[in-house]
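Fold and geometry: a report
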Amino acid sequence: MQTQRGFCIRICSSLPESRRLLAHPAPATIMTRPGNQKMNIRPRFFIGAGLIILAIGYLIGNAMRTTSEYYLTVTEVAARQSELGAQALRVAGRVKPGTVNWDPNTLTLKFEIVPIPDLDAAGAPIRPVVATEPVSFRVVAAGEPKPDMFAPGRDVIVEGKLGAGGVITATQVLTSCASKYKPKQSQ
Amino acid sequence: MPELGNLALALALILAVYSIVANIYGTRRNAPDFVVSARHAIWSMCAMVTIAVVVLWLALLRSDFSLEYVASYSSSTLPTAYKITALWAGQQGSLLLWTWLLAIFTSVAAFQNRRRNPDTAPYALAVLAGVAIFFLLMLNFVTRPFDLLPVIPAEGSDLNPLLQNYWMAIHPPSLYIGYVSASVPFAFGAAALITGKLDDGWIRSTRRWAIFSWFFLTLGNLFGARWAYEVLGWGGYWAWDPVENAAFMPWLVMTAYLHSVMIQERKDMLKVWNLSLIGLAFGLTLFGTFITRSGVISSVHSFTQSGLGPYFLSFLITVTLSYTALLIFRSKQLRSPAEFESYLSREAAFLFNNLILVGITFAVFWGTIFPVLSEAVRGVKITVGPPFFNRVNAPLALGLVFLTGIGPLIAWRRTTADNLVRSFAAPVAIGVTTGIVAAAAGLRQWYVLTAFSLGAFVIGTVLVEFRRGMNARRHMMNEPRAKALVNLVAKNNRRYGGYVIHVGVIVAFIGIVGSSFFRTEVKKSVHAGDSFTIGSYTLRFLGFSEVDTPHLASATARVEVLGPDGREITVMTPAKLFYIRAQQPATLVAIRSTPLNDLYVVLAGVDDSGQTATFEVFLTPLVFWLWAGGLLMVLGTVIVMWPNVRERAAIATVLSRSSSADRELADLAARGGD
């Protein structure tokens with residue numbers, strides 16, 4: 001800012017008095033200025049614009065480095081388990097029925113997540129050709145109320161870190177809220 | 001009835017195609033009858049889409065579950081008001097609403113331009129009809145609102161409980177009105193490129209459309225934020241979710257556009273930039289619909305995955321490529337003779353404000369699509385959450401606030417040192433004083449201090465402007481103070497309405513800063529009769545009351561709130577709802593709002609015995625001012641939009657530049673049409 005102001009005051013005071021008084025001139029007609037000054041100003045504008053663009057680029061790059069999280073499915077977490085360490089994760093999975101334990105007094109929610117099955121065109125789950133070991137991770141979320149949409153069998157996104165023994169310590173459990181509801185059939 | 005809906009949509013598609021052919025043929029061959037006929041086709045198309053909308057509304061109101069759409073998004077016990085809003089609860093209905101709005105706006109534009117812009121309007125209307133054709137193709141062949149179910153269910157699945165809320169009733173239509181009306185200035189920009197009439201006629205003819213669009217985008221974003229605040233129950237109002245970002249980006253670009261067109265109107269500069277901005281704004285409205293509807297980016301709002309994605313993407317790419325090609329084709333004619341002269345000029349302030357707004361848009365875009373990009377490039381999805389957006393945008397917001405103060409007061413072309421001191425001495429003093437007072441009051445975060453000081457500075461500049469204008473009138477016209485003020489605003493509504501909007505933005509910004517930095521949170525499980533504290537408030541849980549209806553069951557907690565002096569202030573009633581049809585719990589938040597802070601009580605859990613409740617309570621300072629700022633923005637926009645004789649004359653002057661031959665054609669066309 002300092003340099004910009006200095007620069008302008010210099011330009012303005014170097015102008016003849018009569019031009020300085022034209023604070024609110026009529027546009028368009030008196031656009032021409034002495035050629036040498038005009039040559040100076042255009043590049044300087046590009047410098048100003050360039051600096052703003054660089055600053056925005058720097059802000060984006062810097063924020064990317066410090067805030068990005070891996071977004072993985074349960075199967076991917078299993079595959080990369082060893083390299084994830086203390087990395088911030090978002091894990092998409094399905095709440096395994098029969099594993100949910102909610103303690104309202106300590107606000108602790110424990111459950112297991114399993115992979116979301118792929119669907120074929122008709123909406124039926126595709127069974128893997130090769131039988132694989134069923135993957136699941138235990139999730140512990142403490143200190144957050146249970147989300148309204150949370151229920152066994154629902155798809156959730158767990159934000160947190162993978163700790164020792166394959167337990168995900170979650171800071172947040174997000175439930176995806178599809179705009180279309182199928183009422184649960186009584187089983 | 002559903003057959004009528006399908007028929008109407010099919011006819012609308014045919015009429016839209018015909019209107020394009022007739023408009024272009026009529027203009028090229030100098031056959032005004034065809035232009036008139038095209039106009040009538042557009043109006044008929046609008047009538048057809050209206051019929052389709054009415055048919056769907058009637059089906060919803062009559063709970064006609066033979067329609068898949070009605071069975072999916074409504075139920076017989078749904079309150080009537082939400083049966084009406086269910087029109088835009090699902091994909092088919094949303095697209096139908098979109099198409100309807102587009103048809104209405106195109107009809108209005110056709111009416112407005114029945115005499116005006118004889119050589120560009122037919123092309124603009126053809127562009128609008130082209131957009132309508134895309135949506136009508138989707139409605140006719142891909143995502144059909146009037147599809148029937150093979151077996152008629154006895155009951156519908158009901159509307160998502162989160163959408164059974166009055167903000168949800170007004171938020172999507174506002175946003176859609178904002179989205180769709182942006183296509184009118186876009187169409188006239190495209191028409192200017194097609195015809196080579198590249199003066200500012202297209203900007204002036206559609207200036208009100210642009211403000212109208214900006215106004216509804218503002219409302220749409222605010223309503224959405226308010227909905228999130230009242231319904232989602234996490235104490236915040238903005239989560240940088242892809243769907244929110246999709247609504248925010250067009251707003252940013254329209255804001256930039258509304259500022260940069262002033263430079264073109266005034267100085268005949270930035271033609272390419274303005275045409276690019278309106279193209280970008282339109283593209284982002286399509287992109288917004290694309291990401292909410294395609295499920296490409298998983299979002300908390302995540303809508304159903306659908307087959308729409310590829311179509312939208314193809315349309316978006318087609319529009320972008322053809323528009324860019326037009327810009328390149330006309331680039332020689334778009335060169336501007338004028339140039340920037342000084343950093344200390346209004347056009348420079350506007351240019352930098354534009355760069356920052358577009359920069360914020362880019363950052364938001366980048367953060368939104370990064371998961372998809374990283375998956376495509378590196379094979380692993382990497383997401384960035386709210387911290388990314390906050391970290392990038394917080395400093396940029398300060399820059400923008402600073403320019404909001406500078407821009408309106410600094411002179412065009414260049415400013416002298418005297419002028420700077422005269423204009424800015426008082427506002428700077430106000431800003432610095434505010435900073436010192438805030439620091440003395442114990443605020444230490446540099447960001448908050450800077451934000452408050454800059455905010456006060458901007459409000460100071462606006463006060464100086466009002467005072468200066470008022471005094472000038474008092475001296476010249478000999479008017480008393482109040483009358484001078486009213487006349488000042490009435491005679492220069494565009495300018496002073498703009499100032500009111502600026503104040504609104506600053507007030508909202510202060511609300512955002514205050515609520516982001518100073519929110520406190522307490523989570524507690526308590527028995528009936530127990531109490532706990534947050535800030536200076538004491539909350540005592542009194543007990544539950546329960547209500548059951550066929551539509552929903554609810555448990556309402558009564559919470560007594562005591563002030564610091566131990567006196568009762570109010571009783572708050574957060575509730576837990578259970579929607580029977582959807583088998584879905586929902587939370588009803590209780591909020592007590594004051595200018596100083598909001599007390600926000602969530603009933604997070606009820607234990608089975610009915611004696612213990614879990615509460616999550618937020619104390620959020622200054623969030624009141626976000627909504628107050630929004631109201632000021634609304635007021636300011638109303639002032640700006642107020643009819644102004646002088647402006648109408650200015651438009652008439654610009655439009656009379658068209659040659660006399662054009663005018664003859666226009667008269668002929670108008671006569672044929674009336």
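Some thoughts on the overall build of chain A
Counting its regular elements, chain A contains four helices and seven strands. Ordered by position in the sequence, the α and β elements of chain A form the string α-α-α-β-α-β-β-β-β-β-β. The 187 residues of chain A split such that 35% are buried. Contacts in chain A between residues far apart in sequence, at least 24 positions, make up 55% of those at least 6 positions apart. Accessible area of chain A: about 11300 Å², with a carbon and sulfur share of 57%.

Here's the deal with the sheet that holds strand E9 (residues 590-593) of chain B
Residues and elements named next belong to chain B. Taking strand neighbours across the sheet as the criterion, the four strands line up as E2-E11-E10-E9 in an open arrangement whose pairing is antiparallel. Whereas interior strands pair on both sides, the edge strands pair on one side only; in this sheet they are strand E2 (520-527) and E9. For this sheet, the mean inter-axis angle between neighbouring strands, taken without regard to orientation, is 15 degrees. As defined by bridge partners, E2 adjoins strand E11 (residues 612-621) across eight bridges and the pair is classed as antiparallel. Of the residues in E11, the one forming a bridge with Val-522 is Val-617.

A closer look at the pairing of strand E5 (residues 137-142) of chain A
Residue and element names in this part refer to chain A. In E5, alternate side chains face the same way, and those of Phe-137, Val-139 and Ala-141 are buried while those of Arg-138, Val-140 and Ala-142 on the opposite face are not. In terms of strand pairing, E5 meets strand E7 (residues 167-175) through four bridges, oriented parallel. Residue pairing in the sheet places Val-140 in a bridge with Thr-169 of E7.

Some thoughts on the packing of helix H5 (residues 91-112) of chain B against helix H6 (residues 121-142) of chain B
Residues and elements named next belong to chain B. One way to put it is that H5 packs onto H6 with a least axis distance of 10 Å and a crossing angle of 160 degrees. Here H5 is positioned roughly antiparallel relative to H6, judged by the angle of their axes. Helix-helix and strand crossings are classified by hand; for H5 and H6 the assignment is left-handed. Where H5 approaches H6, its residues Gln-92, Leu-95, Leu-96, Trp-98, Thr-99, Leu-102, Thr-106, Ala-109 and Ala-110 are matched on the opposing element by Leu-125, Leu-128, Val-131, Ala-132, Phe-135, Leu-136, Met-138 and Leu-139.

Here's the deal with the pattern of salt bridges
Counted by the stated rule, this structure contains 18 salt bridges over all chains. The salt bridge partner of Arg-90 of chain A is Glu-159 of chain A, with a shortest N-O separation of 2.7 Å. Linking Arg-90 of chain A in strand E2 (residues 89-95) with Glu-159 of chain A in strand E6 (residues 155-162), this pair joins segments that are 69 residues apart in sequence. Of the charged contacts, one joins Arg-204 of chain B and Glu-265 of chain B as a salt bridge, the two residues approaching to 3.7 Å between their closest N and O atoms.

What about the confidence of the model for chain A?
Residues and elements named next belong to chain A. Summarising the model, chain A shows a mean pLDDT of 69, and 61% of its residues fall at 70 or more. Taken element by element, the predicted model of chain A shows its lowest mean pLDDT in helix H1 (residues 2-14) (36) and its highest in strand E4 (residues 108-114) (90). Within the model, pLDDT remains below 50 along residues 1-41, and this stretch shows 43 contacts once partners closer than five positions in the same chain are excluded. The low-confidence segment residues 178-187 (pLDDT under 50) makes 20 contacts with residues lying over four places distant or belonging to another chain.

Examining helix H11 (residues 242-267) of chain B
All names here are of chain B. The end-to-end C-alpha distance of H11 is 38 Å, a good match for the 38 Å that 26 residues give at a rise of 1.5 Å each. Of all 26 residues making up H11, 24 are buried, and the element is well covered by its neighbours. Of the residues that open H11, the one with a side-chain oxygen 3.0 Å from the backbone nitrogen of Val-243 is Asp-241. Downstream of H11 by one or two residues, Asp-268 has phi in the positive range, about 60 degrees.

Here's the deal with the confidence of the model for chain B
Reading predicted coordinates in detail is not appropriate for stretches of low pLDDT. All names here are of chain B. Here chain B shows a mean pLDDT of 88. Residues at 70 or above account for 93%. Segment residues 299-305: pLDDT under 50, and 26 contacts once partners within four positions in sequence are set aside and those in other chains are kept. Taken together, the chains of this predicted complex give a pTM of 0.86 and an interface ipTM of 0.80.

Focus: the nonpolar core
Counting residues in each nonpolar core, the largest one holds 206 residues, and the members touching the most others are Phe-111 and Ile-113 of chain A together with Tyr-179 and Tyr-257 of chain B. Sorting elements by how many residues they give to this core places H6 of chain B first, with 16 residues. Taken domain by domain, the makeup of this core includes at least three residues from each of domain 1 (8-67) and domain 2 (72-126 + 133-175) of chain A. Residues in contact with Tyr-257 of chain B, not counting those within four places in the same chain, are Pro-185, Trp-202, Ile-203, Thr-206, Ala-210, Asn-274, Leu-277 and Ile-278 of chain B.

As for the packing of aromatic side chains
Residues and elements named next belong to chain B. All chains considered together, the criterion is met by 52 aromatic pairs over all chains. Ring centres of Trp-238 and Phe-248 lie 5.7 Å apart, and the angle between their planes is 70 degrees; this geometry places the pair in the edge-to-face category. Taken as a pair, Trp-238 in the loop between helix H10 (207-232) and H11 and Phe-248 in helix H11 lie far apart in primary sequence, ten residues in all. Assessed through its relative accessible area of 21%, Trp-238 is described here as partly exposed. Members of the aromatic cluster, joined through ring pairs, are Trp-98, Phe-134, Phe-135, Tyr-176, Tyr-179, Phe-312 and Phe-315. Here the guanidinium or amino end of Arg-114 rests over the ring plane of Phe-111, the centre of that ring lying 3.9 Å away. The ring centre of Trp-627 lies 4.9 Å from the NZ or CZ of Arg-226, which sits over that ring.

Cut-offs and rules
- Residues numbered from 1 in each chain as written.
- Chains lettered and ligands numbered in written order.
- Predicted model: local features only at pLDDT ≥ 70, side-chain atom pairs only at ≥ 80, totals over all residues.
- Heavy atoms only, no water.
- Helix = DSSP H or I, 4+ residues; strand = E, 2+ residues; numbered from the N terminus.
- Buried < 20%, exposed > 50% of the residue type's maximum accessible area, 1.4 Å probe, protein only.
- Contact = heavy atoms within 4.5 Å.
- Areas by Shrake-Rupley, 256 points an atom, 1.4 Å probe, with all protein chains shown as cover.
- Pairing = 2+ DSSP bridges.
- Axes fitted to C-alpha atoms, helices over the stretch in contact; angles between N-to-C directions.
- Parallel < 35°, antiparallel > 145°, perpendicular 65-115°, else oblique.
- Left-handed = near helix turned anticlockwise from the far one by under 90°.
- Salt bridge = Lys/Arg side-chain N within 4 Å of Asp/Glu carboxyl O.
- pLDDT = per-residue confidence, 0-100.
- Expected span 1.5 Å × (residues − 1).
- Polar contact = N/O pair within 3.5 Å; in protein donor to acceptor, adjacent residues only side chain to side chain.
- Core = buried A, V, L, I, M, F, W, Y, C linked by side-chain atoms within 4.5 Å.
- Domains from an automatic or database assignment.
- Phe/Tyr/Trp six-rings, centres within 6.5 Å; stacked < 30°, edge-to-face > 60°.
- Lys NZ or Arg CZ within 6 Å of the ring centre and 35° of its normal.

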